[in-house]
Amino acid sequence: MSKKEKLIKRLKSKPNDMTFSEIETLLLSFGFRMSNKGKTSGSRIDFKLGNITVRLHKPHGNKPLLPYQIITILDSLITGGLI
């Protein structure tokens, strides 16, 4: 099983400890482009692939993503036909 497949399986299980770096790795493996919209964006990060946009607030430190962020990412990937 590849790292991408492991991350997809982990995302589908909706874990409470998934990190931003894991999601970043997964989204970039699908071909998403990361954008932070310049100096005024703060911790807001957009991942774009065609008409799919995933917007996240990057947690400070090494805190896990919040449950609503995991659900949003999962819904976006399913709706976009990627998983």
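Thresholds applied
- Residues numbered from 1 in each chain as written.
- Predicted model: local features only at pLDDT ≥ 70, side-chain atom pairs only at ≥ 80, totals over all residues.
- Heavy atoms only, no water.
- Helix = DSSP H or I, 4+ residues; strand = E, 2+ residues; numbered from the N terminus.
- Contact = heavy atoms within 4.5 Å.
- Salt bridge = Lys/Arg side-chain N within 4 Å of Asp/Glu carboxyl O.
- Buried < 20%, exposed > 50% of the residue type's maximum accessible area, 1.4 Å probe, protein only.

Novice: Any details on the environment of Thr25? Residues and values, ideally.
Specialist: Within the fold, Thr25 resides in helix H2 (residues 20–30). It is 9.2 Å that separates the C-alpha atoms of Thr25 and Lys3, two residues lying 22 residues apart in sequence. When neighbours within four sequence positions are excluded, Thr25 is seen to be in contact with Lys3 and Leu7.

Novice: Describe the pattern of salt bridges, listing the residues and the values that go with them.
Specialist: Taken as a whole and judged by the stated rule, the model has three salt bridges. The shortest N-O distance in the salt bridge between Asp17 and Arg10 comes to 3.1 Å. With relative accessibility at 24%, the residue Arg10 sits in the partly exposed group. The shortest N-O distance in the salt bridge between Asp46 and Arg55 comes to 3.4 Å. In this structure Asp46 comes out as buried when scored by relative accessible area, which is 4%. The exposed category is assigned to Arg55, whose relative accessible area is 54%. Overlapping salt bridges, with partners in common, bring together Arg10, Asp17 and Glu22 in one network.

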